[in-house]
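The primary structure of each chain is shown beneath.
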Amino acid sequence: MPDSLDTLQSLTSLTVHNATVALEQGLEAIRSGQTKFDLRNVKAVDSAAVSVMLTWQRAAQDAGAVLELKNLPNNLKNLTKLYGVCSLVSSTLSADDCGSAGGLAERSPSDLHHH
């Protein structure tokens, strides 16, 4: 199957409310051979998003694949930095993307959309 970015483009949120469905959707895509997920349409996230993405990465690794998570929204990047897992979530994030979470101290917790 050619790498398609379309499987997860329907996701507009990745929160505790849809984490199980999103997790299964991603795992099925990985089982089908998809190695690139485009998250450009995800607008709402919470800490469940980080857990889901780490599980997708683990499943891809177990399958001998490298999963690329593309177009992560800033609020999701901020959560991965906050939890110290930025580089584990996506190898496509730059060093600037995964810089220290120190800059987050200047932000309001509401900027992170963390529940």
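Counting its secondary structure elements, the protein chain contains four helices and four strands. Counting helices and strands in the order they occur from the N terminus, the protein chain gives β-α-β-β-α-β-α-α. Classification of the 115 residues of the protein chain by burial places 40% in the buried group. Across the protein chain, contacts joining residues at least 24 apart in sequence account for 72% of those joining residues at least 6 apart. For the protein chain, the exposed surface amounts to about 6100 Å²; the carbon and sulfur share of it is 50%.

Let us look at helix α2 (residues 47-62). Taking 1.5 Å per residue, 16 residues should reach 22 Å; α2 reaches 23 Å between its end C-alpha atoms and fits that length. Those residues of α2 lying buried are Ala48, Ala49, Val50, Val52, Met53, Trp56, Gln57 and Ala60. With a side-chain oxygen positioned 2.9 Å from the backbone nitrogen of Ala48, the residue opening α2 is Asp46. Immediately downstream of α2, the backbone of Gly64 shows phi near 80°, a positive value.

The subject of this paragraph is the nonpolar core. Within the largest apolar cluster, 26 residues are counted, with the highest numbers of intra-cluster contacts made by Leu14, Phe37, Leu39, Met53, Trp56 and Leu69. It is α2 that contributes the most residues to this core, seven residues altogether.

To continue, consider helix α1 (residues 19-31). With 13 residues, α1 ought to run about 18 Å at 1.5 Å a step, and its terminal C-alpha atoms sit 18 Å apart, in line with that. Ala19, Ala22, Gly26, Leu27, Ala29 and Ile30 are the residues of α1 that are buried. Angular distribution of buried residues about the axis of α1 spans 160°; they occupy a single face of the element. Those residues of α1 that are exposed and angled more than 90 degrees off the buried face are Thr20, Val21 and Arg31. For α1, the secondary structure elements touched by its buried residues are β1 (13-14), β2 (36-38) and α2. Following α1 by one or two positions, Gly33 adopts a phi angle in the positive range, close to 100°.

Quick notes on the rules
Residues numbered from 1 in each chain as written. Predicted model: local features only at pLDDT ≥ 70, side-chain atom pairs only at ≥ 80, totals over all residues. Heavy atoms only, no water. Helix = DSSP H or I, 4+ residues; strand = E, 2+ residues; numbered from the N terminus. Buried < 20%, exposed > 50% of the residue type's maximum accessible area, 1.4 Å probe, protein only. Contact = heavy atoms within 4.5 Å. Areas by Shrake-Rupley, 256 points an atom, 1.4 Å probe, with all protein chains shown as cover. Expected span 1.5 Å × (residues − 1). Polar contact = N/O pair within 3.5 Å; in protein donor to acceptor, adjacent residues only side chain to side chain. Core = buried A, V, L, I, M, F, W, Y, C linked by side-chain atoms within 4.5 Å. Arc of directions from axis to C-beta.

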